[in-house]
Amino acid sequence: MAGRINDDDVKAVRDAVPIDSVVSEYLQLRNAGGGNLKGLCPFHDEKSPSFQVSPGKGLFHCFGCQEGGDTIAFVMKIDHLSFSETVERLAAKAGITLRYEEGGYNPSHQRGERIRLIEAHQAAADFYVRALESPEAEIGRKFLAERGFDQDAATHFRVGYSPAGWDHLTRYLRGKGFSDKELITSGLSQDGRRGPIDRFRGRLMWPISDTAGEIVGFGARKLRDDDNGPKYLNTPETPIYKKSQVLYGIDLAKKDIAKASRAVVVEGYTDVMACHLAGVTTAIATCGTAFGNDHIKILRRLLMDNGSARVIFTFDGDSAGQKAALRAFEDDQKFAAETYIAIAPDNMDPCDLRLAKGDDAVRDLVEPRTPLFEFALRQIVGRYDLETPAGRASALDEAAAVVAKIKTSSVQREVAVQLAGFVGILDQEFVVHRVAQLARWARDKGGDGRGDPRGGRGPGGPQDRRGGTPQQPAQAPAAPSGPALNLRSPAHRTERELLKLALQKPALVSPAFDAYGADEFTAPPYAAVRQCIAEAGGAERGLGDNREYLVAVMDAAPNNTVRSLVTELAVEVFMGRTIDETYAGMQLVHVRLRAVDRRINEVQGSLARLGSNVAPDDLAAAQNEVWVLQQYAQSLRAKGADAL
């Protein structure tokens, strides 16, 4: 078994790799104020950004789904890696050599599966690129040249060639130390009669990368007539390659997609190449499957789904392209972006268009003109004879059912009005009524009365981790148990602010905070966080390396629920406008004063219940405690933080 990574090296990795640079490889981040950044959460569907990143603290937290943690936790979650795999990947990015305490340097065969499979694909890509220069690959170079791609283009997209022999790549990767099991699992090799053989042979090869830029698969184009396989052959489903979750070219296009709030969806590898070389650097393509939900999630995180976002589909105008457009329209509402369709003259794809008419024609093609909904509805309506009443009625029935799926009522009405024009029905209100009726029937039949899937969440301000805004009641986490958090409660609001100060600005509350017991926090979740801070060395520890302090607090959490609350409090903005010693003192005083008042009430309540049954010595001690507490409370009210 692999040795444990040295703790100092783990800390060095955390410090060396900025969390915002890692997160921005997967989603677009924008300024959220207070030094924080925000974006659409990659771990759950949402329309308003509730995912926040705090570069200064090295933490992230989603106020919608409660995922949170540091850079390592983010990569572990999003790429399904183990702790050691994640640290190894980030260490490689930062150029840090790791030490292993129990077993020295970690041998390659002991490394995590995902990292090994990624490394195998990287080695395979290098092998294929070199093979493209061989005499055998002349047919591949000719294929590229005939489509307008020179050597520089091939190099930029890392296009390669798989030799036609049975096991050229397999033998090469074995020589690199990869086992037969790893080669089969990766999809680069397959079982043959006498052992593993190459999956791809005699084909032009395109490496397929994930959003982080790591090669996870390949697309292979047939070149020879004696090749009995399909025209395009992709990597099979593997632990690192899911065709419904990858987009070819996303690693090259993601920055420009985020910058321009625009994405162009094409149908093939050469179309992506043609678009990028023509200056349309936001082009991406699916890999052997229809554009679907997981692809939408990838783009939405990059587009941020703001009002100016655009997604342009370039489907062929043939029947297959029309079907693809209709499928895309069914998912259209999962974008907040506006969606369009672009069809080139003579149904040429971007690659052919670039060859025939040049780069300008490709750039002009993807300028948004025809909304996707308009194209989809015209395709439906066009199948009927609109010159007859029966034809118009049938066209309306089919198209209205599609429009009825639009959940936003104002958009649904607008499209229904346009549908009336497509069908040739002058009574627009009749069509609007028909669409609304179908929508009601669909909701009643499906029992879907949920309305907005965001659950009424508004766009302003962070949420409480249990689903409400800071001004709304919110439920306590599953553990620790206790009364529900209610941020209408002054006590809970103040306790929350004090914990945020202890985590984010410990200098303002230290050393006074460290004298507070967990029992001074009335909400059990807050008491649990207070205990974590104590076990991490107290707020005074945060006066040094704040990141190390926050990591220690998270490590002290007894479960994921408490750990999530720690990250939430560590990134959440404060309620006050000016966060200074005066503000911090107010929170310290209010929490302590309520604790003192509670204790006075407890003692007096006990005395009242016992009545004459209390022993004289106990009575005197209790009365003395009450008197001392009352004097302390009076001092706190009069002197504020100076009385602490």
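This text goes with the structure placed above it.
Everything in this summary refers to the structure shown in the same document. Here the residue numbering is sequential within each chain, running from 1 through the sequence in written order. pLDDT decides what is reported in this predicted model: residues at 70 or higher carry local features, side-chain atom pairs at 80 or more are listed and counted, and totals for whole chains, interfaces and linings draw on all residues regardless. With hydrogens and water stripped out, all remaining heavy atoms of the structure feed into the side-chain values.

1. With respect to the overall build of the protein
Link 1 in the chain: Along its length, the protein carries 26 helices and 16 strands.
Link 2 in the chain: In the protein, 66% of the contacts between residues at least 6 apart in sequence involve partners at least 24 apart.
Link 3 in the chain: Looking at the protein as shown, the accessible area adds up to about 29,500 Å², and 49% of this sits on carbon and sulfur atoms. Numbering goes from the N terminus for both helices and strands, where a helix is a DSSP run of H or I of at least four residues and a strand is a run of E of at least two. The contact criterion used is simple: two residues touch if any of their non-hydrogen atoms lie within 4.5 Å. Here the Shrake-Rupley method, with its probe set to 1.4 Å, supplies the accessible areas, and only the displayed protein chains count as covering residues.

2. So, the packing of aromatic side chains
Link 1 in the chain: A pair of Phe, Tyr and Trp rings is counted when the ring centres sit within 6.5 Å of each other, with Trp represented by its six-membered ring. The angle between the planes then sorts it: under 30 degrees is stacked, over 60 is edge-to-face, the rest tilted. This structure, assessed with the given rule, holds 16 aromatic pairs.
Link 2 in the chain: Consider the rings of Tyr 26 and Phe 74, whose centres lie 5.6 Å apart with planes at 70°: the pair is edge-to-face. Here Tyr 26 is found in the loop between α2 (19–23) and β1 (30–33), whereas its partner Phe 74 is found in helix α3 (residues 71–79), with 48 residues between them in sequence.
Link 3 in the chain: Note on classification: 1.4 Å probe, protein chains only; a residue is buried when its accessible area is under 20% of the maximum for its type, exposed when over 50%, partly exposed between these limits. Among the residues examined, Tyr 26 registers a relative accessible area of 5% and is labelled buried.
Link 4 in the chain: Its relative accessible area of 0% is what places Phe 74 among the buried residues.
Link 5 in the chain: Each residue in the set Tyr 26, Phe 43, Phe 51, Phe 60 and Phe 74 is aromatic and connected to the rest through ring pairs, giving one cluster.
Link 6 in the chain: A ring has a charge above it when a Lys NZ or an Arg CZ is no more than 6 Å from the ring centre and no more than 35 degrees off the ring normal. Sitting over the ring of Phe 43, Lys 77 keeps its end group 5.8 Å from the ring centre.
Link 7 in the chain: The ring of Phe 143 has Arg 147 lying over it, and the distance from NZ or CZ to the ring centre is 3.6 Å.

3. A look at the environment of Leu 81
Link 1 in the chain: Structurally, Leu 81 can be placed in the loop between α3 and α4 (83–94).
Link 2 in the chain: For Leu 81, a relative accessible area of 7% corresponds to the buried category.
Link 3 in the chain: Counting along the chain gives 34 residues from Leu 81 to Ile 115, while the straight-line C-alpha distance between them is 8.7 Å.
Link 4 in the chain: In this view, Leu 81 contacts Val 75, Met 76, Thr 86, Arg 89 and Arg 114; residues no more than four positions away in its chain are not counted.

4. What about the sheet that holds strand β5 (residues 68–70)?
Link 1 in the chain: The rule for pairing is simple: two strands pair if DSSP sees at least two bridges between them. With antiparallel pairing, 5 strands are arranged side by side in an open sheet as β1-β2-β3-β4-β5. In this open sheet, the two strands that pair with only one neighbour each are β1 and β5. Adjacent strand axes in the sheet meet at a mean angle of 25° when their direction is disregarded.
Link 2 in the chain: The sheet contact formed by strand β4 (residues 59–62) and β5 spans 3 bridges and is antiparallel. Note that in β5 the partner of Leu 59 across the bridge is Asp 70.
Link 3 in the chain: Geometry is summarised by axes, namely lines fitted to C-alpha atoms with helices restricted to the contacting stretch, and by angles between N-to-C directions that run from 0 to 180 degrees. Helix α24 (residues 560–571) rests against β2 (36–39), β3 (51–54), β4 and β5 of the sheet, and its axis sits at about 105° to β4.

5. Here's the deal with the state of the cysteines
Link 1 in the chain: Disulfides are defined as cysteine sulfur pairs within 2.5 Å. Counted under the stated rule, the structure contains 0 disulfides.
Link 2 in the chain: Of all cysteine sulfurs in the structure, the one in Cys 275 sits closest to Cys 351, which takes part in no disulfide; the separation is 9.4 Å.
Link 3 in the chain: Exposure remark for Cys 351: the relative accessible area of 3% places this residue in the buried category.

6. Looking at the packing of helix α20 (residues 490–504) against helix α23 (residues 546–555)
Link 1 in the chain: Between α20 and α23, the shortest axis-to-axis distance is 9 Å and the interhelical angle comes to 125°. As judged from the angle between their axes, α20 and α23 are oblique. Here Ala 502, Leu 503 and Gln 504 of α20 come into contact with α23, specifically with Asn 546, Tyr 549, Leu 550 and Val 553.
Link 2 in the chain: Side-chain classes follow a simple rule in which Ala, Val, Leu, Ile, Met, Phe, Trp, Tyr, Cys and Pro form the nonpolar group, Asp, Glu, Lys and Arg form the charged group, and the remainder, Gly included, forms the polar group. The class makeup of the residues in the contact of α20 with α23 is 5 nonpolar, 2 polar and no charged. For classification purposes, angles smaller than 35 degrees are called roughly parallel, those larger than 145 roughly antiparallel, those between 65 and 115 roughly perpendicular, and all remaining angles oblique.

7. With respect to α23
Link 1 in the chain: Among the 10 residues that make up α23, 7 are buried, leaving the element largely enclosed by the rest of the structure.
Link 2 in the chain: Listed in full, the buried residues belonging to α23 are Asn 546, Tyr 549, Leu 550, Val 551, Ala 552, Val 553 and Met 554.

8. Here we look at the sheet that holds strand β12 (residues 262–266)
Link 1 in the chain: Across the sheet, 5 strands lie side by side as β13-β12-β14-β15-β16; this open sheet has mixed pairing. This sheet does not close on itself; its edge strands, each paired only once, are β13 (283–285) and β16 (370–371).
Link 2 in the chain: Here strand β15 (residues 338–341) runs beside β16; their pairing, made up of 2 bridges, is antiparallel. Looking at the pairing, Tyr 340 lines up with Pro 371 of β16.
Link 3 in the chain: Those strands touched by helix α11 (residues 269–277) are β12 and β13, and its axis lies near 175° from that of β13.

9. Regarding the nonpolar core
Link 1 in the chain: Side-chain atoms within 4.5 Å link the members of a nonpolar core, which is a set of buried Ala, Val, Leu, Ile, Met, Phe, Trp, Tyr and Cys residues. Within the largest apolar cluster, 45 residues are counted, with the highest numbers of intra-cluster contacts made by Leu 144, Val 159, Leu 204, Trp 206, Tyr 248 and Met 273.
Link 2 in the chain: Examining the composition of this core, we find that 5 residues originate from one element, α11, more than from any other.
Link 3 in the chain: Contacts of Trp 206, omitting those with residues within four sequence positions, involve Phe 143, Leu 144, Val 159, Gly 217, Phe 218, Gly 219, Arg 221, Tyr 232, Tyr 248, Tyr 269, Thr 270 and Met 273.
Link 4 in the chain: Listed in part, the 39 residues of the second largest apolar core include Phe 521, Ala 556, Leu 569 and Phe 574.

10. Some words on helix α17 (residues 389–403)
Link 1 in the chain: When the terminal C-alpha atoms of α17 are compared, their 20 Å separation across 15 residues agrees well with the 21 Å that a helix rising 1.5 Å per residue should span.
Link 2 in the chain: Restricting attention to buried positions, one finds in α17 the residues Gly 391, Ala 395, Leu 396, Ala 399, Ala 400, Val 402 and Val 403. Multiplying 1.5 Å by the helix residue count minus one yields the expected span of that helix.

11. Considering the pattern of salt bridges
Link 1 in the chain: Within this document, salt bridges are pairs made up of a side-chain nitrogen of Lys or Arg and a carboxyl oxygen of Asp or Glu, the two lying within 4 Å of each other. Under the criterion given, the structure shown has 34 salt bridges.
Link 2 in the chain: In this structure, the salt-bridge partner of Arg 378 is Glu 374, at a minimum N-O distance of 3.3 Å. Of this pair, Arg 378 and Glu 374 both sit in helix α16 (residues 372–381), separated by 4 residues, roughly a single helical turn.
Link 3 in the chain: Given a relative accessible area of 45%, Arg 378 falls into the partly exposed group.
Link 4 in the chain: One salt bridge connects Arg 599 with Glu 625, and the closest N-O pair in it is separated by 2.7 Å. Here the residue Arg 599 occupies a position in helix α25 (residues 581–610), and Glu 625 occupies one in helix α26 (residues 616–639), the gap between them amounting to 26 residues.
Link 5 in the chain: On the basis of relative accessible area, Glu 625 is assigned to the partly exposed category, the value being 28%.
Link 6 in the chain: Here the salt bridges do not stand alone but share partners, grouping Arg 496, Glu 497, Lys 500, Glu 568 and Glu 572 into one network.

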